[in-house]
Amino acid sequence: MPTDPYLPPAERDLPFDRLQARREHLLRAVRGEGQRQAALKLPTRERKYALGILLLATAVGAVIATPAFGIVHAIRDLFEGTPPTPLVQKHFINSNEGVQKLTADPPPGIKLPLADTTKIHGIVSVNTSDGPLNLWAAPVGNDGRQCWLVQFANDQNADNTVYGPSGCDIRAPSGSAINWGDFLTTAHPSVRVLVGEALGAAESIKVELSDGSSLTAPVTEHLFLVGHDPGAVVRKVTSFDAEGAALTTSSHGNVVGG
Amino acid sequence: MTSRRQSPGGEPIVSESSDERPLQRVPLRHADGPGAGRSDKNDARLWSRVRAGDADAFALVFESEARAIYNFCFRRIGEWAAAEDLMSVVFLEAWRLRTKNRAPEFGRAWLFGIATNVIRNRRRAEWRYRKALASIPREHAAPDFADDVESRLDAEAAMKGVLAAVAELPQRERDVLALCAWSGLSYEETAIALGVPIGTVRSRLSRARARLRELDASRGHSTRESI
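Residues numbered from 1 in each chain as written. Chains lettered and ligands numbered in written order. Predicted model: local features only at pLDDT ≥ 70, side-chain atom pairs only at ≥ 80, totals over all residues. Heavy atoms only, no water.

Enquirer: Please give an account of the overall build of chain B that cites residues and values.
Expert: If you tally the helices and strands in chain B, you get 10 helices and two strands. Starting at the N terminus and walking to the C terminus, you meet the elements of chain B as β-β-α-α-α-α-α-α-α-α-α-α. Expressed as a percentage of the 227 residues in chain B, the buried residues total 54%. By element, 49% of the accessible surface of chain B is carried by carbon and sulfur atoms, the whole surface being about 10,400 Å². (Helix = DSSP H or I, 4+ residues; strand = E, 2+ residues; numbered from the N terminus. Buried < 20%, exposed > 50% of the residue type's maximum accessible area, 1.4 Å probe, protein only. Areas by Shrake-Rupley, 256 points an atom, 1.4 Å probe, with all protein chains shown as cover.)

The following block contains the structure:
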């Protein structure tokens with residue numbers, strides 16, 4: 001009986017020990033990207049001010065010099081596109097109202113941002129020792145600007161407000177700049193929040209901390225979010241494109257908090 | 001932390017996020033012909049986690065898809081040892097490009113697309129990961145292999161015969177044949193893997209079958225519908 005010349009032989013299993021060796025090798029390579037974090041030093045808060053982002057509303061409190069350990073930066077899946085909670089929606093509406101009060105005398109050359117509150121959606125969520133830390137955003141106009149909000153999902157604030165940094169683009173994004181801020185809040189002294197935007201073709205960022213450790217995070221809709229140990233501050237943020245090529249490096253946070 | 005998902009056969013696959021965890025034998029996917037639905041919600045969640053940089057999720061993907069990718073690589077090159085290395089390269093490349101996977105619900109198809117490109121640009125891919133490949137421990141006398149060496153050699157000879165038989169097809173038709181007919185991807189999955197419309201997959205597969213029937217006739221074989 002002739003053998004069909006176009007049918008491949010049956011599939012085979014790789015021997016179990018070799019499969020395990022390949023798996024372990026792969027995981028070593030995957031985990032070797034420097035995503036581990038450590039807490040070593042007391043915080044030394046840095047604030048860098050620059051144009052580009054206008055902080056609209058925030059309840060960021062004073063820095064608390066309490067070292068804490070074991071902060072986790074683990075991305076929670078399937079958050080992108082999540083509809084807003086009523087509390088989050090209320091924040092964006094309140095922010096818009098605040099902006100509208102300013103429109104009588106806007107700074108020259110600046111289009112005051114009004115978020116489209118019908119398009120608020122989740123961007124990324126990370127697990128921290130204080131529970132999920134969520135980044136929400138809504139478009140502003142049609143030129144790529146966004147308003148964003150960082151929210152600790154488990155917060156139950158008596159005054160029904162969101163405690164976390166938030167802001168809006170005041171100019172349309174261009175180039176491949178990185179704008180970021182590294183915040184510590186009174187409400188959550190055990191988690192330092194790095195939030196920012198990486199423009200251009202950025203798909204991921206690498207964050208280098210003052211304790212010598214580094215970590216990576218994805219860029220989603222030009223935004224990124226990291227919850228890291230408060231004992232270290234961000235020294236440098238580098239963006240990378242999908243091919244892994246470095247795009248931009250920024251060593252000065254320029255998103256204002258306070 | 002324990003993550004849990006269901007295999008296509010309904011058996012739970014459990015994985016704990018520890019580097020030291022021994023690899024469990026888990027039910028692996030088997031090709032079951034074009035049109036078979038493979039994309040389920042659990043897969044989409046898993047691939048979303050991979051896209052976000054979750055190494056534990058990637059370990060689960062490896063456990064689920066390693067066999068299929070290993071056999072796919074073998075069926076494209078006809079050498080088991082080289083297929084083993086290429087399987088590693090495919091997964092390393094998939095991790096490198098994970099953020100480009102825009103459709104997590106078709107993560108498996110995307111992985112086969114990566115595999116297709118790796119094989120197409122084999123030298124470049126192996127060069128990129130030469131250091132990583134060099135660090136993989138090699139076994140010189142693995143008992144599993146020794147017991148099975150004859151059938152492995154037979155399979156290699158048979159596969160090289162198949163590859164020689166289809167060598168007259170254009171590359172793009174061989175790609176469709178390997179994905180759709182040999183690896184059991186659906187037309188839609190094959191289209192995603194190759195980045196072409198579904199209609200193109202259908203027409204390429206149809207042309208490939210027609211050419212093979214012509215080759216059959218010229219070689220004196222009867223016409224087959226098994227491809």
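Back to the text.
Enquirer: Please provide a residue-by-residue account of the overall build of chain A, values included.
Expert: The number of helices and strands found in chain A is two helices and 13 strands. Out of the 258 residues in chain A, the part that is buried amounts to 52%. Taking as baseline every contact in chain A between residues at least 6 positions apart, the subset at least 24 positions apart corresponds to 67%. (Contact = heavy atoms within 4.5 Å.)

Enquirer: Pulling in residues and values, what's your account of the packing of aromatic side chains?
Expert: Residues and elements named next belong to chain B. The final tally for this structure, using the stated rule, is eight aromatic pairs over all chains. Relative to Trp110, the ring of Trp47 lies with its centre 5.9 Å away and its plane at 75°, an arrangement referred to as edge-to-face. Of this pair, Trp47 sits in helix H1 (residues 41-51) while Trp110 sits in helix H4 (residues 107-120), placing them 63 residues apart in sequence. For Trp47, a relative accessible area of 4% corresponds to the buried category. The exposure class of Trp110 is buried, given its relative accessible area of 14%. Between the aromatic rings of Phe58 and Phe91, the centroid separation amounts to 6.1 Å while the plane-to-plane angle is 70°, which identifies the pairing as edge-to-face. Linking Phe58 in helix H2 (residues 55-77) with Phe91 in helix H3 (residues 80-96), this pair joins segments that are 33 residues apart in sequence. Here Phe58 falls in the buried class, since its relative accessible area comes to 0%. Residue Phe91 is classed as buried on the basis of its relative accessible area of 0%. (Phe/Tyr/Trp six-rings, centres within 6.5 Å; stacked < 30°, edge-to-face > 60°.)

Enquirer: Would you mind going over the sheet that holds strand S12 (residues 234-240) of chain A in detail, with residue names and values included?
Expert: Residues and elements named next belong to chain A. One open sheet accounts for four strands, arranged S10-S9-S12-S13; its pairing is antiparallel. Either end of the sheet is taken by a strand with one partner, and the two such strands are strand S10 (214-218) and strand S13 (246-250). When the angles between neighbouring strand axes are averaged without regard to direction, this sheet yields 20°. (Pairing = 2+ DSSP bridges. Axes fitted to C-alpha atoms, helices over the stretch in contact; angles between N-to-C directions.)

Enquirer: Mind laying out the pairing of strand S5 (residues 145-152) of chain A, listing which residues take part and the relevant values?
Expert: All names here are of chain A. For S5, the buried fraction is high: eight of the eight residues fall into the buried class. Judged by which residues are buried, S5 turns out to be covered on both faces: Arg145, Cys147, Leu149 and Gln151 on one side and Gln146, Trp148, Val150 and Phe152 on the other are all buried. In this antiparallel pair of consecutive strands, strand S4 (residues 131-140) and S5, the connection spans four residues, and Gly141 shows a positive phi of 65°. Alignment of S5 against strand S6 (residues 166-169), held across three bridges, turns out to be antiparallel. Residue Leu149 lies in a different strand from S6, and its bridge partner there is Ser166.

Enquirer: Lay out the sheet that holds strand S7 (residues 178-184) of chain A in plain terms, naming residues and giving numbers.
Expert: Residues and elements named next belong to chain A. Taken in spatial order, the three strands of this open sheet run S7-S8-S11, and their pairing is antiparallel. The open sheet has two edge strands, S7 and strand S11 (223-228), and neither has a second partner. Shown here is a sheet whose adjacent strand axes are inclined to one another by a mean of 15°, direction ignored. In this structure, strand S8 (residues 192-198) lies alongside S11, joined through six bridges in antiparallel fashion. Looking at the pairing, Gly196 lines up with Phe224 of S11.

Enquirer: Please provide a residue-by-residue account of the pattern of salt bridges, values included.
Expert: For the structure on display, the rule yields 19 salt bridges over all chains. For Arg22 of chain A, the salt bridge identified is with Asp85 of chain B, shortest N-O distance 2.8 Å. Of this pair, Arg22 of chain A sits in helix H1 (residues 16-31) while Asp85 of chain B sits in helix H3, each in a different chain. Take Asp85 of chain B: its relative accessible area is 16%, and that puts it in the buried class. (Salt bridge = Lys/Arg side-chain N within 4 Å of Asp/Glu carboxyl O.)

Enquirer: Can you explain the environment of Phe112 of chain B? Please cite residues and give values.
Expert: Residues and elements named next belong to chain B. Counting through the fold element by element, Phe112 comes out in helix H4. Phe112 gets classed as buried once you look at its relative accessible area, which sits at 1%. Note: C-alpha distance between Phe112 and Cys73 (39 residues apart in sequence) is 9.8 Å. With residues up to four places along the chain from it excluded, the contact list for Phe112 reads Ala68, Ile69, Phe72, Leu179, Ser183, Leu185 and Ala193.

Enquirer: Please give an account of the packing of H2 of chain B against H3 of chain B that cites residues and values.
Expert: Residues and elements named next belong to chain B. Contact geometry of H2 with H3 gives a least axis separation of 8 Å together with a crossing angle of 140°. Classified by the interaxial angle, the pair formed by H2 and H3 is oblique. Crossing angle aside, the handedness with which H2 passes H3 is right-handed. Only Trp80, Ala82, Ala83, Glu84, Leu86, Met87, Val90, Phe91, Ala94 and Trp95 of H3 make contact with H2, whose side of the interface consists of Ala55, Phe58, Val61, Phe62, Glu65, Ala66, Ile69, Tyr70, Asn71, Cys73, Phe74 and Ile77. Tallied by class, residues from the contact of H2 with H3 come to 19 nonpolar, one polar and two charged. (Parallel < 35°, antiparallel > 145°, perpendicular 65-115°, else oblique. Left-handed = near helix turned anticlockwise from the far one by under 90°. Nonpolar A, V, L, I, M, F, W, Y, C, P; charged D, E, K, R; others polar.)

Enquirer: With reference to specific residues and values, describe the nonpolar core.
Expert: If you look at the biggest cluster of nonpolar residues, it comprises 67 residues, and the most contacted ones within it are Phe58, Ile69, Met87, Val90, Phe91, Phe112 and Trp182 of chain B. If sequence neighbours within four positions are ignored, Ile69 of chain B has contacts with Met87, Val90, Phe91, Leu111, Phe112 and Ala115 of chain B. (Core = buried A, V, L, I, M, F, W, Y, C linked by side-chain atoms within 4.5 Å.)

Enquirer: With reference to specific residues and values, describe the confidence of the model for chain A.
Expert: Residues and elements named next belong to chain A. Averaged over all residues, the pLDDT of chain A is 73; the fraction at 70 or higher stands at 71%. Within chain A, the lowest mean pLDDT, 36, falls on strand S1 (residues 53-54), and the highest, 93, falls on S12. Of the regions scoring below 50 in pLDDT, residues 34-72 engages in 124 contacts with residues more than four places distant in sequence or in other chains. (pLDDT = per-residue confidence, 0-100.)

Enquirer: Requested: an account of the side chain of His121 of chain A, with residues and values cited.
Expert: Residues and elements named next belong to chain A. Structurally, His121 is set in strand S3 (residues 121-128). A polar contact of 2.9 Å, which involves the side chain of His121, links it to the backbone oxygen of Lys119. Aside from chain neighbours lying at most four places away, what touches His121 is Gly81, Thr82, Leu135, Trp136, Ala137 and Glu221. (Polar contact = N/O pair within 3.5 Å; in protein donor to acceptor, adjacent residues only side chain to side chain.)

Enquirer: Before we move on, could you go through the environment of Leu163 of chain B and cite the residues and values that matter?
Expert: Residues and elements named next belong to chain B. Mapped onto the elements, Leu163 comes out in helix H7 (residues 143-166). Distance in space between the C-alpha atoms of Leu163 and Arg75 is 7.9 Å, their sequence separation being 88 residues. Those residues in contact with Leu163 that sit more than four places away from it in its chain are Arg75, Arg76, Ile77, Gly78 and Trp182.

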